[in-house]
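Observations on the three-dimensional arrangement
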Amino acid sequence: MAMNAPRGTQDILPGTVEKWQYIEETLRDLSHRFHYKEIRTPIFEHTELFQRGVGDSTDIVQKEMYTFEDRGGRSITLRPEGTASVVRSFVQNKLYGLANQPTKLFYFGPMFRYERPQQGRYRQFIQFGMEALGSEDPAVDAEVLSFAMKAYEELGLKSLKLVLNSLGDQVSREAHRQALVDHFSPHKEELCGDCQLRLEQNPLRVLDCKKDKDHPAMETAPSILEYLNEFSETYFDQVKRYLDAMGIDYEVDPNLVRGLDYYNHTAFEIMSEAEGFGAITTLSGGGRYNGLVEDIGGPDTPGIGFALSIERLLMALEAEGVELPAEDALDCYVIAMGEKAELEAVKLVDQLRSNGLQVDKDYLQKKMKAQFKAADRLKAKKVVILGDREIEEGVGNVKDMTSGEQKEVKLEEIVNELKVEKEE
Ligand code: HAM
């Protein structure tokens with residue numbers, strides 16, 4: 001039986017992996033400029049972390065987690081997202097005690113959700129995310145939003161839309177929650193089974209339902225923005241003012257709820273508006289989560305962050321026809337004909353590599369012509385040709401593949417010559 005990768009997962013092969021590396025480097029560089037430091041947390045955690053962190057009423061916890069019992073009888077879950085793990089680590093390692101606050105962290109890594117696979121939706125996907133913990137300054141919200149937009153823009157995307165909402169603080173949310181219960185209760189029987197439960201557990205989730213999205217009561221549902229208290233409203237205004245100051249465009253959507261329970265105040269998503277992008281247009285999402293650190297057992301600490309998946313980012317790049325500059329040309333290919341030349345070639349390849357050049361040679365005993373073809377295919381910038389006659393004379397032929405120029409160089413000078421030319 002042929003073995004295939006599990007549904008909803010994919011191999012990233014050479015030829016494509018260079019794009020991933022380019023994206024990762026760009027995001028690392030941007031994180032450096034924004035002064036966020038990398039954190040690496042385990043891929044699996046105690047299931048309880050996500051039940052408490054992401055929220056019992058979410059689709060993620062109810063339907064999508066890869067949960068299993070380990071051999072010690074503990075319930076373990078492959079992480080469906082990064083925020084709960086980062087907050088757990090922040091609390092466990094007492095990062096709140098460090099002198100420099102807020103603690104600004106970023107992460108890369110695979111996340112796992114048992115969703116119905118389709119274009120842009122995988123069961124294992126790679127997220128890049130960032131979290132700023134320890135400040136309730138709206139300027140940090142604006143910083144995270146600016147980062148998210150820059151990440152896409154620096155990679156060459158243009159058709160983007162930033163959608164913004166405020167979910168308010170605890171008091172505003174309570175008032176809105178009650179208004180939602182009052183609004184939807186008369187229609188309870190018409191809603192799907194999930195929504196009937198959501199109405200009791202977390203009525204905000206009803207607004208995010210895919211099944212009931214066309215129910216007439218959805219359109220007239222009370223908007224959170226009408227229930228923001230003064231503090232929440234001022235906070236939201238301040239975030240918007242910072243965005244305006246930085247020249248970042250956005251659209252306020254009072255129905256933007258997000259699929260995780262920990263959010264309050266700022267919530268946002270970035271969508272692709274590129275033609276032909278596909279059905280799922282959300283590229284990334286995030287928001288503020290001021291109660292989460294406390295829920296996970298730490299001191300009352302505010303936080304905000306966002307995450308994007310590289311898979312959807314690549315889809316957007318493709319939809320907009322953006323080519324990433326993936327450098328894959330060899331510096332040099334060494335061709336050898338004859339026994340003595342072969343010995344010299346192995347030595348030369350090794351020395352060139354020690355001197356920082358990307359070099360390869362033939363390992364299939366191919367004829368000279370086929371070796372030249374290989375050098376062409378590999379886009380070698382230079383080719384060194386060694387034959388037994390040349391070795392006896394203590395020289396090699398160095399060919400510049402762009403100009404076609406060929407010259408004899410003393411064997412002991414080849415390394416230096418190629419090194420100098422690479423540096424020029
Ligand atoms: P999320 O909206 O669940 O938020 O996921 C963030 C992003 O991950 C999505 O916008 C999407 O690009 C990507 N994503 C989610 N599921 C899949 C999937 N099945 N296949 C491919 N890509 C996917 C979070 O995860 C939060 N932890 C974000 C956050 C950080 N909020 C505050 N800090």
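None of the values given here were measured: they were computed from a predicted structure. Sequence order sets the numbering: in each chain, residues are counted from 1 along the sequence as written. Reporting in this predicted model follows two pLDDT cut-offs: at least 70 for local features of residues, and 80 or more for side-chain atom pairs to be given and counted; totals over whole chains, interfaces and linings ignore these cut-offs and use all residues. Here the side-chain values reflect all heavy atoms present in the structure, with hydrogen atoms and water set aside.

Starting at the N terminus, helices and strands are each numbered in turn, a helix being any DSSP run of H or I of at least four residues and a strand any DSSP run of E of at least two. The helix and strand tally for the protein stands at 15 helices and 16 strands. We compute the radius of gyration from the C-alpha atoms alone; for a globule the expected value is 2.2 Å times N to the 0.38, where N is the number of residues. At 28 Å, the protein has a C-alpha radius of gyration far larger than the 22 Å of a compact globule built from 424 residues. Along the first, second and third principal axes, the C-alpha set of the protein runs to 95 × 55 × 45 Å. Per-residue burial for the protein yields a buried fraction of 50% across its 424 residues. Only heavy atoms enter the contact rule, under which two residues are in contact if any of them lie within 4.5 Å. Counting contacts in the protein only where the partners sit at least 6 residues apart, residues at least 24 apart contribute 70% of the total. Charged residues are defined here as Lys and Arg on the positive side and Asp and Glu on the negative side; His and the ends of the chain fall outside this count. Charged side chains are reduced to one point each, which is NZ for Lys, CZ for Arg, CG for Asp and CD for Glu. Taken as two groups, the 52 positive and 75 negative side-chain charges of the protein have centres that lie 5 Å from each other. Burial classification: accessible surface area is computed with a 1.4 Å probe over protein chains only, and a residue below 20% of its type maximum counts as buried, one above 50% as exposed, and the rest as partly exposed.

With that settled, the discussion passes to the pairing of strand β12 (residues 332–337). Most of β12 sits out of view: 5 of its 6 residues are buried. Alignment of β12 against strand β14 (residues 382–387), held across 6 bridges, turns out to be parallel. Within β14, the residue paired with Tyr-333 across the bridge is Val-383. A strand pair is defined by DSSP finding two or more bridges across the two strands.

Next up on the list: the sheet that holds strand β8 (residues 251–252). Within the open sheet, the 8 strands sit side by side as β1-β5-β6-β11-β10-β9-β7-β8. Their pairing is mixed. At either margin of the open sheet sits one strand with a lone partner, and together these are β1 (37–38) and β8. Examined bridge by bridge, β1 and strand β5 (residues 103–112) share 2 bridges and lie parallel to one another. When the sheet's bridge partners are listed, Glu-38 is paired in β5 with Phe-106. Sheet strands touched by helix α11 (residues 310–319): β5, β6 (124–133), β9 (264–272), β10 (282–288) and β11 (303–309). Its angle to β11, the strand with the most contacts, is close to 55°. Axis definition: a line fit to C-alpha positions, over the contact stretch in the case of helices; interaxial angles, taken between N-to-C directions, run 0 to 180 degrees.

Running from amino to carboxyl end, helix α1 (residues 17–33) crosses α11 at an angle of 105°, the nearest separation of the two axes being 11 Å. Classed by the angle they form, the pair α1 and α11 counts as roughly perpendicular. On α11, the residues touching Lys-19, Trp-20, Ile-23 and Leu-27 of α1 are Ile-310, Glu-311, Leu-313, Leu-314 and Leu-317. By the definition adopted for this analysis, an angle is roughly parallel if under 35 degrees, roughly antiparallel if over 145, roughly perpendicular if from 65 to 115, and oblique otherwise.

Any two aromatic rings considered together are summarised by their centre-to-centre distance and by the angle between their planes. Only rings of Phe, Tyr and Trp enter the pairing, Trp through its six-membered ring, and a pair is recorded when the two centres are within 6.5 Å. The plane angle decides the type: under 30 degrees is stacked, over 60 is edge-to-face, the rest tilted. Tallying each qualifying case throughout the model produces 13 aromatic pairs. Consider the rings of Tyr-66 and Tyr-114, whose centres lie 5.8 Å apart with planes at 75°: the pair is edge-to-face. On the criterion of sequence distance, the pair formed by Tyr-66 in strand β3 (residues 66–69) and Tyr-114 in the loop between β5 and β6 is long-range, its members being 48 residues apart. The partly exposed category is assigned to Tyr-66, whose relative accessible area is 27%. By relative accessible area, which is 45% here, Tyr-114 ends up partly exposed.

We define a nonpolar core as any set of buried Ala, Val, Leu, Ile, Met, Phe, Trp, Tyr and Cys residues linked to one another through side-chain atoms lying within 4.5 Å. Counting residues in hydrophobic clusters, the biggest one holds 47 residues, and the most contacted among them are Ile-23, Phe-268, Phe-306 and Ile-310. Residue contacts for Ile-23: discarding those within four places in its chain leaves Leu-155, Ile-310, Leu-313, Leu-314, Leu-317 and Leu-324. Core analysis: the next-biggest nonpolar cluster, separate from the first, contains 44 residues, Leu-133, Cys-192, Leu-204 and Leu-256 among them.

Only heavy atoms are used to decide nearness, and a residue is near a molecule or strand if one of them lies within 4 Å of it. The ligand sits among 26 residues. The nearest are Glu-81, Thr-83, Glu-115, Tyr-263 and Leu-283. For the purposes of these results, a polar contact is taken to be a pair of N or O atoms within 3.5 Å, where, inside protein, one atom must be able to donate a hydrogen and its partner to accept one; residues adjacent in sequence count only when each atom of the pair is a side-chain atom. Residue Gly-305 places a main-chain N or O atom 3.5 Å away from a nitrogen atom belonging to the ligand. For the ligand, whose free accessible area comes to 650 Å², the fraction covered by protein is 96%. At the level of secondary structure, the elements contributing two or more residues to the shell around the ligand comprise β6, β10 and β11. For the shell around the ligand, the element with the highest residue contribution is β10, accounting for 6 residues. Residue burial considers only the protein chains on display, and all accessible areas are found by Shrake-Rupley using a 1.4 Å probe.

A few words on the UniProt feature "binding site: L-histidine" (unreviewed entry) in the protein. UniProt positions are given in the numbering used here, feature names are shortened, and annotations may be inferred rather than shown by experiment. When the UniProt feature table is mapped onto this chain numbering, "binding site: L-histidine" (unreviewed entry) sits at Glu-81, Gly-82, Thr-83, Arg-113, Gln-127, Glu-131, Arg-258, Tyr-262 and Tyr-263. When you line up the elements, Thr-83 lands in helix α4 (residues 83–92). Thr-83 gets classed as buried once you look at its relative accessible area, which sits at 6%. A distance of 3.0 Å separates polar atoms of two side chains, one belonging to Thr-83 and the other to Glu-131.

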